Amino acid sequence: MKIAENIRCKDFSVKWVWHRQNIQGRENDGYYEIWFQGKKKIGTAPTKKEAQRIISQKVKDVNRILKAARKKYNNQ
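So, here is what we can say about the structure in this document.

Here we come to the overall build of the protein chain. Tallying secondary structure elements over the protein chain gives one helix and three strands in all. The helix and strand sequence of the protein chain, counted from the amino end, reads β-β-β-α. For the protein chain, the C-alpha radius of gyration of 17 Å lies well beyond 11 Å, the compact-globule estimate for 76 residues. Expressed as lengths along the three principal axes of its C-alpha atoms, the size of the protein chain is roughly 65 × 20 × 15 Å. Out of the 76 residues belonging to the protein chain, those deemed buried represent 20%. In the protein chain, the share of contacts with a sequence separation of at least 24, taken over all contacts with a separation of at least 6, comes to 35%. About 6,300 Å² of surface is accessible on the protein chain, with carbon and sulfur atoms providing 51% of the total.

Okay, structure coming up:
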């Protein structure tokens, strides 16, 4: 069994989406959707900086899990 390669921040994309509100002063409000490889939506964030923080945290978490899985698989 082969363990998947590490993921990178480049594998994610951020897309701005309009809220579609008609409240005066908030006509152009929106949020950012976070997509993995353009196929799977993994979450939303109110700002682009927050979206980038979420992405980097997810990359760290997944790569840590993959590293542990590779280590366990190679020791068997």
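Another point: the nonpolar core. Grouped together as the largest cluster of nonpolar side chains are eight residues: I7, F12, Y32, I34, A45, A51, I55 and V59. Contributions of two or more residues to this core are made by β2 (30-36) and α1 (48-75). Per-element tally for this core: the top contributor is α1, with three residues.

This brings us to the sheet that holds β2. Strand order in the open sheet made by the three strands is β1-β2-β3, with antiparallel pairing throughout. Only two strands of the sheet have a single neighbouring strand rather than two, namely β1 (12-18) and β3 (40-45). Between one strand and the next, the sheet's axes are offset by a mean angle of 30 degrees, whatever the strand orientation.

All right, on to the side chain of D11 then. Along the polypeptide, D11 turns up in the segment before β1. Among residues more than four places away in sequence, those in contact with D11 are W35, F36 and Q37.

On to the pattern of salt bridges. Here the structure, examined in full by the defined rule, presents four salt bridges. Of the charged contacts, one joins R8 and D11 as a salt bridge, the two residues approaching to 3.9 Å between their closest N and O atoms.

Here we come to the packing of aromatic side chains. A complete count under the given rule lists one aromatic pair for this structure. Ring plane angle 55 degrees and centroid distance 5.1 Å describe the contact between F12 and F36, whose orientation is recorded as tilted. In this pair, F12 is assigned in strand β1 and F36 in strand β2, connecting sequence segments 24 residues apart.

Parameters at a glance
- Residues numbered from 1 in each chain as written.
- Predicted model: local features only at pLDDT ≥ 70, side-chain atom pairs only at ≥ 80, totals over all residues.
- Heavy atoms only, no water.
- Helix = DSSP H or I, 4+ residues; strand = E, 2+ residues; numbered from the N terminus.
- Rg over C-alpha atoms; globule rule 2.2 N^0.38 Å.
- Buried < 20%, exposed > 50% of the residue type's maximum accessible area, 1.4 Å probe, protein only.
- Contact = heavy atoms within 4.5 Å.
- Areas by Shrake-Rupley, 256 points an atom, 1.4 Å probe, with all protein chains shown as cover.
- Core = buried A, V, L, I, M, F, W, Y, C linked by side-chain atoms within 4.5 Å.
- Pairing = 2+ DSSP bridges.
- Axes fitted to C-alpha atoms, helices over the stretch in contact; angles between N-to-C directions.
- Salt bridge = Lys/Arg side-chain N within 4 Å of Asp/Glu carboxyl O.
- Phe/Tyr/Trp six-rings, centres within 6.5 Å; stacked < 30°, edge-to-face > 60°.

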